[in-house]
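Results of the structural survey
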Amino acid sequence: SQQGEEDPQALSIQEGENATMNCSYKTSINNLQWYRQNSGRGLVHLILIRSNEREKHSGRLRVTLDTSKKSSSLLITASRAADTASYFCATDAGSGTYKYIFGTGTRLKVLA
Amino acid sequence: NAGVMQNPRHLVRRRGQEARLRCSPMKGHSHVYWYRQLPEEGLKFMVYLQKENIIDESGMPKERFSAEFPKEGPSILRIQQVVRGDSAAYFCASSPDRQTNYGYTFGSGTRLTVV
């Protein structure tokens, strides 16, 4: 079964608006990561949030983690056309294991 | 620091041929992970290697697929007798240690097309 599932599958917004993507997972985790993938390119690591953290910021990115609900959200504020990409969450299986399980991603399109 | 280097970027193989994908980890990284991404899907773990050791190959098909990370040189993912279903993007990531407390650094991937 899928460990990480993103929601929505696709999102289209206007430049300047905020974009929120959600990730749900099934088992206990040690940390959760968000990655961005531009079309036809590799994955870029955005943020890692540990299980004992509730919120983390990096520039225009804000990630929250609710371990009781087994969910995380990625908020991109004041979106730009360059934010157009697919966004994936990745979860480990707890205990700092190396094996990460990726969801199917949210495809974000920011319209200029 | 050149990051994780994968080559080739694109590879076309006919059914039945062999595909060799190379991955050079970041400088100072001795842990390499291979993932496969099918179209419109997330990445799926294939294999985890350290220098000269396969630590976990639980995500790799038992037949036709093999991986190595020799003492010198890049990590190699080898697919023998490729079939159409092997068409995918193959990504390599590296980390300095087993505990990925800082996230993976991924390469740009090799897109394999089997015709």
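Please read these numbers as outputs of a predicted model, since none were measured by experiment.

**Some remarks on the side chain of A:Glu6**
Residues and elements named next belong to chain A. Tracing the backbone through its elements, the reader meets glutamate 6 in strand 1 (residues 5-7). Comment: no salt bridge for buried glutamate 6; closest opposite-charge side chain is arginine 107, at 8.4 Å. Within the local environment of glutamate 6, its side chain forms a polar contact with the backbone nitrogen of cysteine 89, the two atoms lying 2.6 Å apart. Reaching out from glutamate 6, the side chain makes a polar contact with the backbone nitrogen of threonine 104 at a distance of 3.0 Å. Among all residues touching glutamate 6, those that are not within four sequence positions of it are Asn22, Cys23, Trp34, Tyr87, Phe88, Cys89, Gly103, Thr104, Gly105 and Thr106.

**Observations regarding the interface of chain B and chain A**
The figure often quoted for interface size is the accessible area lost as the parts come together. Counting from both sides, the interface comprises 25 residues of chain B and, opposite them, 23 residues of chain A. Summing both partners gives a buried area of about 1,900 Å² for chain B against chain A, and 46% of it is carried by carbon and sulfur. Across the chain B-chain A interface, the total number found is 1 salt bridge. Among the ionic pairs, B:Asp56 bridges to A:Lys99, the shortest N-O distance being 3.2 Å. The dominant element in the side of chain B that touches chain A, judged by the number of residues it contributes, is strand 5 (residues 43-50) of chain B, at 4 residues. Each residue belonging to the side of chain B that touches chain A can be placed in one class, and the counts come to 9 nonpolar, 9 polar and 7 charged.

**Topic: the nonpolar core**
Counting residues in each nonpolar core, the largest one holds 23 residues, and the members touching the most others are B:Trp34, B:Met46, B:Leu77 and B:Tyr90. Looking at this core, the elements with two or more residues in it are strand 3 (19-24), strand 4 (31-37), strand 5, strand 7 (65-68), strand 8 (75-79), strand 9 (88-95) and strand 11 (110-114) of chain B. Listed in part, the 22 residues of the second largest apolar core include A:Trp34, A:Ile47, A:Leu65 and A:Ile76.

**What to know about the packing of aromatic side chains**
The final tally for this structure, using the stated rule, is 12 aromatic pairs over all chains. Look at A:Phe102 and B:Tyr35: their rings are 5.5 Å apart centre to centre, the planes differ by 80°, and that puts the pair in the edge-to-face class. Placement of the pair is A:Phe102 in strand 10 (residues 101-102) and B:Tyr35 in strand 4, with the two residues belonging to separate chains. Comparing A:Phe102 with B:Tyr35 shows no difference in burial state: the two are buried.

**Topic: the state of the cysteines**
Applying the stated rule across the entire model yields 2 disulfides over all chains. With a sulfur-sulfur separation of 2.0 Å, A:Cys23 is cross-linked through a disulfide to A:Cys89. Linking A:Cys23 and A:Cys89, the disulfide has an S-S dihedral of approximately 65° and is accordingly described as right-handed. Here A:Cys89 lies in strand 9 (residues 85-91) and A:Cys23 lies in strand 3 (residues 19-24), a separation of 66 residues in the sequence. Judged by relative accessible area, which is 1%, A:Cys23 ranks as buried. Residue classification places A:Cys89 among the buried residues on the basis of a relative accessible area of 0%. Residue pairing for B:Cys23: its cysteine sulfur links by disulfide to B:Cys92, the two sulfurs lying 1.8 Å apart. Taking the torsion about the sulfur-sulfur bond, which here is approximately -50°, the covalent link between B:Cys23 and B:Cys92 counts as left-handed.

**What to know about unusual backbone geometry**
The omega torsion of the bond from A:Asp7 to A:Pro8 falls at 0°, within 30 degrees of zero and hence cis. Of the consecutive residues B:Asn7 and B:Pro8, the connecting peptide bond is found in the cis state with omega at 0°. Relative to the assigned elements, B:Pro8 resides in the loop between strand 1 (5-7) and strand 2 (10-13). For A:Lys70, which is not glycine, the phi dihedral falls at a positive 50°. Note that A:Lys70 resides in the loop between strand 7 (61-66) and strand 8 (71-76). The class for A:Lys70 is partly exposed, based on a relative accessible area of 28%. Unlike most non-glycine residues, B:Glu52 shows phi in positive territory, near 65°. Relative to the assigned elements, B:Glu52 resides in the loop between strand 5 and strand 6 (53-56).

**Brief notes about the confidence of the model for chain A**
For chain A, per-residue confidence averages 90 on the pLDDT scale, and residues scoring 70 or more make up 92% of the total. Strand 7 of chain A holds the highest mean pLDDT among the elements of chain A, 98, whereas strand 1 of chain A holds the lowest, 82.

About the thresholds
- Sequence order as written defines the numbering, with residues in each chain counted from 1.
- Numbering of ligands from 1 and lettering of chains from A proceed in the order in which they are written.
- Two thresholds apply to this predicted model, a pLDDT of at least 70 for residue-level local features and 80 or more for giving and counting side-chain atom pairs, whereas whole-chain, interface and lining totals are computed over all residues.
- With hydrogens and water excluded, all non-hydrogen atoms of the structure serve as input to the side-chain values.
- Secondary structure elements follow DSSP: runs of H or I no shorter than four residues count as helices, runs of E no shorter than two count as strands, and numbering proceeds from the N terminus.
- To sort residues, take the accessible area from a 1.4 Å probe on protein chains only and compare it with the maximum for the residue type: under 20% means buried, over 50% means exposed, and anything in between is partly exposed.
- Residues scored as charged are limited to Lys and Arg (positive) and Asp and Glu (negative), so that His and the chain ends carry no count.
- When a carboxyl oxygen of Asp or Glu is within 4 Å of a side-chain nitrogen of Lys or Arg, the pair counts as a salt bridge.
- Between N or O atoms, a polar contact is any pair within 3.5 Å; within protein, one atom must be a potential hydrogen donor and the other a potential acceptor, and residues adjacent in sequence are included only when both atoms are from side chains.
- Contacts: residue pairs with any heavy atoms within 4.5 Å of one another.
- Simply put, the buried area is the total loss of 1.4 Å probe accessible area from both parts when two parts are fitted together.
- Think of it as three bins: nonpolar holds Ala, Val, Leu, Ile, Met, Phe, Trp, Tyr, Cys and Pro, charged holds Asp, Glu, Lys and Arg, and polar takes everything else, Gly as well.
- As used in this record, nonpolar core signifies buried Ala, Val, Leu, Ile, Met, Phe, Trp, Tyr and Cys residues forming a set joined through side-chain atoms within 4.5 Å.
- Two aromatic rings from Phe, Tyr or Trp, using only the six-membered ring of Trp, form a pair when their centres are within 6.5 Å; if the ring planes differ by under 30 degrees the pair is stacked, by over 60 it is edge-to-face, and anything between is tilted.
- Two cysteine sulfurs form a disulfide in these notes if their separation is within 2.5 Å.
- pLDDT: the predictor's confidence for each residue, scored from 0 to 100.

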